[in-house]
Amino acid sequence: MKLIKLGAIDSTNDYLKSLSSKNVLENFTVITAQSQHKGRGQMGASWISEAGKNLIMSVLVKDVLKNADEIFHLNVAVASAVIQSLAECNLPNLSIKWPNDIMSDNKKVCGILVENSFKSDSKIESIVGIGLNVNQTSFDNLPKASSMASIMSKEFDLDTIVESIIFHIKQNCNLILSNQAYKVWNDFHRYLFKINVPIPFEDVNQNRFMGIIQGVTNDGKLEVLLEDDSVKTYGIKEIQLLY
């Protein structure tokens, strides 16, 4: 694992993307930063981190996905890898809130952003951004956020967590490469937040309704059982979980 540590930066994802466009990097090259000014999550949401307290990292993943139909396999592999690492740290009641948030109880501790690019040789290269709240304990105006330190009442070593997450990402990617992606998907569904539980949702028109999460499709859409017993699938921008 090649690890590049930076101080303050706009975005580790953008930095790694630029570095990869100019150089041939080894697979699973990792960028970490003490702080970033333009961190972002799903649908452009911003993420502000206290300098030096949290894990801000981006990972280059290539030669894993073979075609566009497998794109969400990587999201599943990474989310499951983070869960596996946090489970080793004994965080309680871990779950994956669709599509890419990691929860402990009902608090968000981690966000994941996967950005894919299709190369001229038809290969797929991915930049995986992971923002994990580790040793920060103050989350003003973020009532649904927490951290490993807040939950476990102790601080954690960031480098150890990086190594653990990369180890599990590699393991899960090897499962994809060996046509055993179903094993990673089984873990993903086992940890899926609020699966098989009635939960309120809100659609893009701000209509609220009850539904029961059934699972996630291979292309990353959420399957919801509605009150009329029909099952509908929703994309990332089409629905919001209320909890």
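All of these numbers come straight from a predicted model, not from anything done at the bench. (Residues numbered from 1 in each chain as written. Predicted model: local features only at pLDDT ≥ 70, side-chain atom pairs only at ≥ 80, totals over all residues. Heavy atoms only, no water.)

### A few points about the nonpolar core
In terms of nonpolar packing, the biggest core is built from 61 residues, with Ile102, Ile112, Ile130 and Leu132 touching the most fellow members. When residues in this core are grouped by element, the largest group, 10 residues, is from helix H2 (residues 71-88). If we ignore the near neighbours within four places in the chain, the residues touching Ile102 are Ala79, Val82, Ile83, Leu86, Ser95, Ile96, Lys107, Lys108, Val109, Cys110 and Ile112. Residues Leu16, Ile31, Leu60 and Ile127 belong to the second largest nonpolar core, which totals 7 residues. (Core = buried A, V, L, I, M, F, W, Y, C linked by side-chain atoms within 4.5 Å. Buried < 20%, exposed > 50% of the residue type's maximum accessible area, 1.4 Å probe, protein only. Helix = DSSP H or I, 4+ residues; strand = E, 2+ residues; numbered from the N terminus. Contact = heavy atoms within 4.5 Å.)

### Thoughts on the packing of aromatic side chains
Counted by the stated rule, this structure contains 6 aromatic pairs. Where Phe72 meets Phe188, the ring centres are 6.3 Å apart and the plane angle is 85°; that geometry is what we call edge-to-face. Remark: Phe188 occurs in helix H5 (residues 181-190) and Phe72 occurs in helix H2; sequence separation between them is 116 residues. Overall, the relative accessible area of 7% leaves Phe72 in the buried class. (Phe/Tyr/Trp six-rings, centres within 6.5 Å; stacked < 30°, edge-to-face > 60°.)

### Quick look at the sheet that holds strand S10 (residues 222-226)
Read from one edge to the other, the open sheet built from 5 strands follows the order S11-S10-S9-S8-S12, with strand pairing classed as antiparallel. A single partner strand is all that each edge strand has here, and the edge strands are strand S11 (231-234) and strand S12 (239-241). Strand-to-strand twist across the sheet, computed as the mean angle between neighbouring axes with direction ignored, equals 50°. When strand S9 (residues 208-216) meets S10, the two strands line up antiparallel, connected through 5 bridges. Across the sheet, residue Ile213 finds its bridge partner in S10, namely Val224. (Pairing = 2+ DSSP bridges. Axes fitted to C-alpha atoms, helices over the stretch in contact; angles between N-to-C directions.)

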